[in-house]
Amino acid sequence: MSRARTWPKRAAALVACLLVAGTAYTWATALMDSLYDFRAPLTATVADASTSPKPTPPNPALARKVVMVLVDGLRVDTATNAAVMPFLTQLRAQGASTTVHSRTPSYSVPSWTVLLTGAWPDRHGAPVMNPTDPQTSPPWPIDNLFAAARDAGRRTGLAGTDWFRPLVPPAALSVTHFVHEETDAADQESTDAAVAMLRGDAADLVLLHLNEVDHAGHYGGGGTSVAWLDAARKVDARLAQVAAALDLSRDALLVVSDHGHLDQGGHGGPEDVVVTEPLVLVGSGVRPGVAPDIAQADVAPTLAVLAGTRVLQAAQGEAALAMLTLDDTARSALGKAQVSQQDLLIERYQADLGNVPLTTAVLASGEGVEPVRSATTAGRDAATQVRETRLGWERANRAATLILLGLVAVTSLALWVRRDRSTVLWAFAGAAAYLVVWQAYWKVSGKTYSLSSVMSAGEIVNATAMATAVALFAALAVMWRGRRPERGDRAWAVWCLGVAVATVLAMPIAFYAWAWGPTATWTVPDPLPMYLAFSALVQLLVVAVLTPLGAMVAGLVSRGRTSSQPTVNASAVRPGWTKA
Ligand SMILES: [Zn+2]
């Protein structure tokens, strides 16, 4: 009898497959859930912020009214296309402009939060994915532009999607107008409401959110489609309408987006086109010209300076001084305020992460050459160090488990090779073919290795399952071509291939588990290893289902052929059979 022929072996193999499939499913689901449920640990930050007195603004406002137009999803190439957005082009020529760099996950809710708090997803405490039900988002737990503007005596207004309603603490907003659609009409309604707030002096710090461009990216054919360009043209007209409600010799207008879109539509991942955004700033307090690139976390601090608020307490970014007309005295005052804010912020971060020590002195206090830059740079370095230190502890703890599992895997592999060297080698050749075909299929389908390609959980699982099935067939073809198993050994060959592919898939999963932990807990994992692990888990699930099915079919076909062509004696087949 050939291997895996006898029923206890078959039953054991089947149970193993079920276990692998069950684990892969549970883990992949838990990984995604952990991203949806992720909230930065902010115990110390929130407790401190609620007890400590708020600092006073370091400088008076640079602009009377400050308006931020957030064009959801607008790409840099669209924003700089004068044929599509002539008015924005005119504003750019008249004012300051730059390119903004954001971080993953590049979804709307986390990015809006960065734009209005200056804190990154790892630290802002808001969802890092778009919530399944946006109306259940918790309010921002940290300092934000609206709250700081209110405390500075401003009246704040927000016109745009009702996704903002639960996010912004109600006390931080004087006047709101929420829309419930992502249409042309909804954008016009929001624009009219914002203009009314400005003209009627109901608010002097206003956020206008426009959604139709993003909608066209998702549902109208992607980031270069006709619907997209059409929506961008309408945004341009709305910008003109907003500008007409302002006196740009006294007021300031900022236009920015939260993330980009792939050509085929979609965002969430780290693709350049998705994490690079346009920014135009024009009006009072603005130094015209093309400014050096800034980070998304710099936008809120920049608006805070224009609006004359305190330094945002949780901001990890800094005001884009190249775009502002701040004199030396004002810069110095801002710099001092930012030094103490950054020192406090990093202390809270250390406490939030379990009193992680700083191994080298990177805090800003006492540095004075260019205090604003040094304070936030030092804060950034300190934050990196705190995060890396804790990651280092956890990786050291997990290394032992990983080494143990690795030893078990290597030993099993050695035993397996000893048993049937040739089949095992050809199975791994098949696994290599699997990888090549899988990547090719994914690329041809226009997908990237990131959340940007994920439209929905069902869609990604289907696409992955399809790619996996196709790649498995290719792997089988390679193995058959090389090994040409005898009839009685075909089922065994299929099993070997399944195990080889599973072994290869286990590697990105093991690496991710070691580097970031099985799921996201206190920090947002790097996007590529996380996506590769997630994808590998879904593939593993499919492999664990298809392998026993394939082996069964191979066994049945062999048996059928054997009965009609009784020239082959299956029981005579042994490891080391020669190539046919
Ligand atoms: Zn968005």
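Up top is the structure these notes are about.
About the criteria used
Residues numbered from 1 in each chain as written. Predicted model: local features only at pLDDT ≥ 70, side-chain atom pairs only at ≥ 80, totals over all residues. Heavy atoms only, no water. Helix = DSSP H or I, 4+ residues; strand = E, 2+ residues; numbered from the N terminus. Buried < 20%, exposed > 50% of the residue type's maximum accessible area, 1.4 Å probe, protein only. Contact = heavy atoms within 4.5 Å. Areas by Shrake-Rupley, 256 points an atom, 1.4 Å probe, with all protein chains shown as cover. Donors = N, O, S within 2.8 Å, 3.2 Å for Na, K, Ca; no water. Core = buried A, V, L, I, M, F, W, Y, C linked by side-chain atoms within 4.5 Å. Expected span 1.5 Å × (residues − 1). Salt bridge = Lys/Arg side-chain N within 4 Å of Asp/Glu carboxyl O. Phe/Tyr/Trp six-rings, centres within 6.5 Å; stacked < 30°, edge-to-face > 60°. Lys NZ or Arg CZ within 6 Å of the ring centre and 35° of its normal. Polar contact = N/O pair within 3.5 Å; in protein donor to acceptor, adjacent residues only side chain to side chain. Disulfide = S-S within 2.5 Å. Patch = residues over 30% accessible without salt bridge, like charges linked within 9 Å, V, L, I, M, F, W, Y side chains within 5 Å. Axes fitted to C-alpha atoms, helices over the stretch in contact; angles between N-to-C directions. Parallel < 35°, antiparallel > 145°, perpendicular 65-115°, else oblique. Left-handed = near helix turned anticlockwise from the far one by under 90°. Nonpolar A, V, L, I, M, F, W, Y, C, P; charged D, E, K, R; others polar.

Asks: Any chance you could explain the overall build of the protein here in plain terms?
Replies: Looking only at helices and strands, the protein features 18 helices and nine strands. Burial statistics for the protein: of 580 residues in total, 54% are counted as buried. Restricting to contacts in the protein with at least 6 residues of sequence separation, those with at least 24 account for 77%. Roughly 23,800 Å² of accessible area belongs to the protein as shown, and the carbon and sulfur atoms make up 63% of that amount.

Asks: Can you help me understand the coordination of the zinc ion in this one?
Replies: Ideal geometry at a metal centre gives angles of 109.5 degrees when four donors are arranged tetrahedrally and 90 or 180 degrees when six donors are arranged octahedrally. Donor atoms from the polypeptide that bind the zinc ion are Asp72 (OD), Ser108 (OG), Asp258 (OD) and His259 (NE2), placed at 1.9 to 2.2 Å. Each donor residue of the zinc ion lies on the same chain, and together they follow the pattern D-x35-S-x149-D-H. Taken together, the residues span a long stretch of sequence, with serine 108 in helix 5 (residues 108-117) and histidine 259 in the loop between strand 6 (252-256) and strand 7 (276-283) at a distance of 151 residues. On the basis of relative accessibility, which here comes to 4%, the residue serine 108 falls in the buried class. We classify histidine 259 as buried; its relative accessible area is 0%.

Asks: Would you mind going over the nonpolar core with me for this structure?
Replies: Soluble globular proteins tend to pack their nonpolar side chains together in the buried interior. Counting 63 residues, the largest nonpolar core has Tyr434, Trp442, Leu451, Val501, Leu505 and Phe534 as its most contacted members. Secondary-structure elements contributing two or more residues to this core are helix 1 (7-37), helix 13 (328-352), helix 14 (371-419), helix 15 (421-444), helix 16 (457-483), helix 17 (490-516) and helix 18 (527-564). It is helix 17 that contributes the most residues to this core, twelve residues altogether. When near neighbours in sequence (up to four residues on either side) are disregarded, tyrosine 434 contacts Thr468, Ala471, Leu472, Ala475, Val501, Leu505 and Gln539. Leu116, Leu173, Leu281 and Val311 belong to the second-largest nonpolar core, a separate cluster that totals 51 residues.

Asks: What is the right way to look at helix 15 in this model?
Replies: An α-helical turn contains 3.6 residues, so a residue and the one three or four places further along point in the same direction. A rise of 1.5 Å per residue sets the reference length of helix 15, with its 24 residues, at 34 Å; its end C-alpha atoms lie 35 Å apart and thus fit the reference within 8%. Buried within helix 15 are the following residues: Thr423, Val424, Ala427, Gly430, Ala431, Ala433, Tyr434, Trp438 and Trp442. After helix 15 finishes, the residue glycine 446 shows a positive phi value of roughly 75°.

Asks: I'm lost on the pattern of salt bridges in this one. Help?
Replies: A side chain with one charge can pair with a side chain of the opposite charge if their charged atoms come near. Inspection of every chain in the model, using the stated rule, returns 20 salt bridges. The residue aspartate 77 makes a salt bridge to arginine 75 at a minimum N-O spacing of 2.7 Å. Here arginine 75 falls in the buried class, since its relative accessible area comes to 4%. Aspartate 184 serves as the salt-bridge partner of arginine 238, at 2.4 Å between the closest nitrogen and oxygen. Of the two residues, arginine 238 is situated in helix 11 (residues 226-244) and aspartate 184 in helix 9 (residues 184-199); the sequence distance between them amounts to 54 residues. When its relative accessible area of 5% is taken as the criterion, arginine 238 is described as buried. One salt-bridge network, held together by shared partners, links Asp184, Asp187, Glu212, Asp230, Lys234 and Arg238.

Asks: Mind showing me how you'd approach the packing of aromatic side chains here?
Replies: Ring pairs (aromatic) are described by centroid distance and by the angle formed between their planes. Applying the stated criterion across every chain yields a total of seven aromatic pairs. Here phenylalanine 511 and tryptophan 514 contribute two aromatic rings whose centre-to-centre distance is 5.9 Å and whose plane-to-plane angle is 50°, an arrangement assigned as tilted. Placement of both phenylalanine 511 and tryptophan 514 in helix 17 is noted, with a separation of three residues, approximately one turn of the helix. Given the relative accessible area of 26%, tryptophan 514 is considered partly exposed. The structure contains a cluster of three or more aromatic residues connected by ring pairs, namely Trp112, Trp163 and Phe164. The ring of tryptophan 120 is capped by arginine 103, whose NZ or CZ atom sits 3.9 Å from the centre of that ring.

Asks: When you look at unusual backbone geometry in this model, what are you seeing that I'm missing?
Replies: Glycine aside, residues mostly have negative phi angles, and peptide bonds mostly take the trans form. Cis geometry is found at the peptide bond from threonine 104 to proline 105, where omega equals -10°. Residue position: proline 105 is located in the loop between strand 2 (96-101) and helix 5. Unusually for a residue other than glycine, aspartate 201 sits at a positive phi of about 55°. By relative accessible area, which is 41% here, aspartate 201 ends up partly exposed.

Asks: Sorry, what's going on with the side chain of threonine 78 here?
Replies: Mapped onto the secondary structure, threonine 78 falls in helix 3 (residues 76-79). Within polar-contact distance, the side chain of threonine 78 engages the side chain of tryptophan 228 at 2.9 Å. When sequence neighbours within four positions are dropped, the list of residues in contact with threonine 78 reads Val84, Met85, Gly223, Trp228, Leu229 and Ala232.

Asks: Looking at this structure, I do not really get the state of the cysteines. What am I missing?
Replies: Covalently bonding the sulfur atom of one cysteine to the sulfur atom of another cysteine gives a disulfide. The full count for this structure, using the stated rule, is zero disulfides. Summary of cysteine pairing: cysteine 17 is not part of a disulfide, and the nearest cysteine sulfur, belonging to cysteine 496, is at 12 Å. Residue class for cysteine 17 comes out buried when judged on its relative accessible area of 11%. Classification of cysteine 496 as buried rests on a relative accessible area of 1%.

Asks: Would you mind going over a nonpolar patch on the surface with me for this structure?
Replies: Together, Val545, Leu546, Leu549, Met552 and Leu556 make up a nonpolar patch on the protein surface, roughly 430 Å² of accessible area in all. Along the polypeptide, methionine 552 turns up in helix 18. Of the residues examined, methionine 552 reaches a relative accessible area of 49% and is grouped as partly exposed.

Asks: What am I meant to see in the packing of helix 15 against helix 17 here?
Replies: The description of two packed helices rests on the angle between their axes and on the distance between the axes. Orientation of helix 15 relative to helix 17, taken along the N-to-C sense of each, is 55°, at an axis distance of 8 Å. Taken together, the axes of helix 15 and helix 17 lie oblique to each other. Like other packed secondary-structure pairs, helix 15 and helix 17 cross with a definite hand, here right-handed. The residues of helix 17 that touch helix 15, namely those facing Thr423, Ala427, Phe428, Gly430, Ala431, Tyr434 and Leu435, are Trp492, Ala493, Cys496, Leu497, Ala500, Val501, Thr503, Val504 and Leu505. The class makeup of the residues in the contact of helix 15 with helix 17 is 13 nonpolar, three polar and no charged.

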